[in-house]
Amino acid sequence: MVVGIIGATGYAGAELARLLSGHSKIKKLALSSVSFEGDRIENVYPAFLGRISGKLLKAEEVIAASDVVFSALPHAVGEPFAAACIEKKIHFIDLSGDFRFGDDEAVYSEWYGKNYQFPDLHKTSIYGLPELNRNLIKDSKSKPLVIANPGCYPTGATLGIFPAIVKGLTGETPIIVNAVSGTSGGGREPSRSFHYSECADSVAPYKIASHRHAPEISRNLAAISQIAEGGSIPAPKVIFTPHLAPMNRGILSTIYIPLKEKFKKIEEIQKLYEDFYKDEPFVRVLPSGVYSAANRVRHSNFCDISVNLDIHGSTLIVVTAIDNMIKGASGQAIQNMNILFDYDERNGLEAIPMLF
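The shown structure was predicted, so the numbers you read here are calculated from the model rather than taken from an experiment.

Regarding the sheet that holds strand β9 (residues 238-244)
- Taken together, 7 strands build an open sheet; the order of strands is β8-β9-β7-β10-β13-β12-β11 and the sheet is mixed. Only two strands of the sheet have a single partner each, and these edge strands are β8 (204-205) and β11 (283-285).
- Sheet topology places strand β7 (residues 175-181) next to β9; 7 bridges connect them, and they run parallel. In the sheet register, Val180 faces β9, and the bridge partner there is His243.

Here we look at the pairing of strand β13 (residues 315-322)
- The buried fraction of β13 amounts to 6 of the 8 residues, a majority that puts the element mostly inside the structure.
- Two elements, strand β10 (residues 251-258) and β13, share 8 bridges in a ladder whose sense is antiparallel. The residue of β13 that forms the bridge with Pro258 is Thr315.
- Relative to β13, strand β12 (residues 303-309) runs antiparallel, the two being bridged by 7 bridges. Among the inter-strand pairings, Cys303 is bridged to a residue of β13, identified as Ile322.
- Between the end of β12 and the start of β13, which pair antiparallel, lie 5 residues, with Gly313 showing a positive phi angle near 75°.

Describing the nonpolar core
- With 42 residues, the main nonpolar core has Ile257, Ile269, Tyr273 and Leu316 as its most contacted residues.
- Broken down by element, the residue count for this core peaks at 9 residues, all from helix α8 (residues 152-166).
- For Leu316, the residues in contact, after removing those within four places along its chain, are Ala164, Ile255, Tyr256, Ile257, Leu259, Ile266, Ile269, Tyr273, Val307, Asn308 and Leu309.
- With 41 residues, the next largest nonpolar core counts Leu20, Leu31, Phe282 and Met325 among its residues.

Description of a nonpolar patch on the surface
- A cluster of nonpolar side chains, contributed by Ile176, Ile239 and Tyr256, occupies part of the molecular surface with about 240 Å² of accessible area.
- You can see Ile176 is positioned in strand β7.
- For Ile176, a relative accessible area of 33% translates into the label partly exposed.

A short note on the pattern of salt bridges
- Under the definition given, this model contains 15 salt bridges.
- Here Lys58 makes a salt bridge to Glu37, at a shortest N to O gap of 3.0 Å. You can see Lys58 sitting in the loop between α2 (41-44) and α3 (59-65) and its partner Glu37 sitting in the loop between β2 (28-32) and α2, a full 21 residues away along the chain.
- With relative accessibility at 42%, the residue Lys58 sits in the partly exposed group.
- Exposure remark for Glu37: the relative accessible area of 41% places this residue in the partly exposed category.
- The shortest N-O distance in the salt bridge between Glu131 and Lys327 comes to 2.9 Å. Remark: Lys327 occurs in helix α12 (residues 326-340) and Glu131 occurs in helix α7 (residues 130-140); sequence separation between them is 196 residues.
- You can call Lys327 buried: its relative accessible area is 0%.

A closer look at α12
- Here α12 contains 15 residues, and its C-alpha end-to-end distance of 18 Å is more than 12% below the 21 Å for a straight helix at 1.5 Å per residue.
- Within α12, the axis deviates most sharply at Gln332, by approximately 45°.
- Extensive coverage of α12 is indicated by the burial of 15 of its 15 residues.
- The positive-phi residue at the C-terminal boundary of α12 is Asp342, with phi of around 60°.

Describing the pairing of β10
- The sheet contact formed by β7 and β10 spans 6 bridges and is antiparallel. Bridge assignment links Ala179 to a residue of β10, and that residue is Ser253.

Thresholds applied
- Per chain, residues are indexed from 1 in the order of the written sequence.
- Given that this is a predicted model, residues contribute local features only at a pLDDT of at least 70 and side-chain atom pairs are listed and counted only at 80 or more, while totals for whole chains, interfaces and linings are drawn from all residues.
- Heavy atoms throughout the structure, all of them, feed into the side-chain values; hydrogens and water do not.
- A pair of strands is considered paired only if DSSP assigns at least 2 bridges between the two.
- Where helices and strands are cited, they refer to DSSP runs of H or I of at least four residues and of E of at least two residues respectively, numbered from the N terminus.
- Between buried and exposed lies partly exposed: a residue is buried under 20% and exposed over 50% of the maximum accessible area for its type, with that area taken using a 1.4 Å probe on protein chains only.
- What makes a nonpolar core is a set of buried Ala, Val, Leu, Ile, Met, Phe, Trp, Tyr and Cys residues whose side-chain atoms join them at distances within 4.5 Å.
- Residues are treated as being in contact if the distance between any of their heavy atoms lies within 4.5 Å.
- Residues qualify for a patch when their relative accessible area is over 30% and they have no salt bridge, like charges being joined within 9 Å and the nonpolar side chains of Val, Leu, Ile, Met, Phe, Trp and Tyr within 5 Å.
- Only the protein chains shown count as cover for residues, with accessible areas throughout obtained via the Shrake-Rupley method and a probe of 1.4 Å.
- Salt bridge, as used here: a side-chain nitrogen of Lys or Arg that lies within 4 Å of a carboxyl oxygen of Asp or Glu.
- One less than the number of residues in a helix, times 1.5 Å, gives the span that helix is expected to have.
- Bend, in this description, refers to the angle at a residue between axes fitted to the seven residues ending there and the seven starting there.

Right under this line is the structure:
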């Protein structure tokens, strides 16, 4: 199979190329880049020498040559390429925010400042969080699909909250998500806040009450509430605050979930989470007393979850850790491709986390 990557020289695109080079079903990569068109990928990323090589093509050439296309482009850029892929009857997996809100153009316009260019594409696009929509993706794969790859912060937050909503544990007060991200989350293009002298030796919040991933998290919780026991659980509100930390990659989310009733011991909730995720290949519920940490999932597609109870028994404290470039972007995109083509979900994603 030939796999295309549009935007192959950004961080997420390069990670896609690196991971797909180890996928047993991929015979060839077709790569494009506006910034480096005509150059060779191994010149842009010398780490690829001897493993990944090829001229960087036009996006249209990539689409013409591919059986499936990943788009690692900035927001509000990829819709025409998605339309071209659907016309060619091939799947399009988008890593930007363009398709994450389905046909709710009003919310997308409010948070991204753009309108949809191809509204009909959004009516049939699927939000690609495998743990939530695996069956929906499988059932729809017979026709060309647009898969909206989730945002990095929403991935960690949603997976941490998912079991609590489905099992009816959540109370009425808002869920609080405090998340810390590495600098690669800002992309390859430099900006002042990501300069070494600005972010080193410090942790700081940013975009308080205004981050684009907040409505995506809320949308996910609403979708989960619809499949919860009885289907009548109201969607909990969420307060989300992102922080920037002086590390290259990783997201650590500390999630405070008010409980509907008090629990005296954590063991019951621990088992609930373990049972809920026991068949998920990339979600690890850690043993009691072992806490999630960003460096323990580095360069892997795992989401680590630790479950804790406050001393009053009224608030569940869930800590999740993901690699923002893998489970938060490229790895999850490949997981979605594997589902679409009936491959083992682990294919290309089997590496254990780096230790250092």
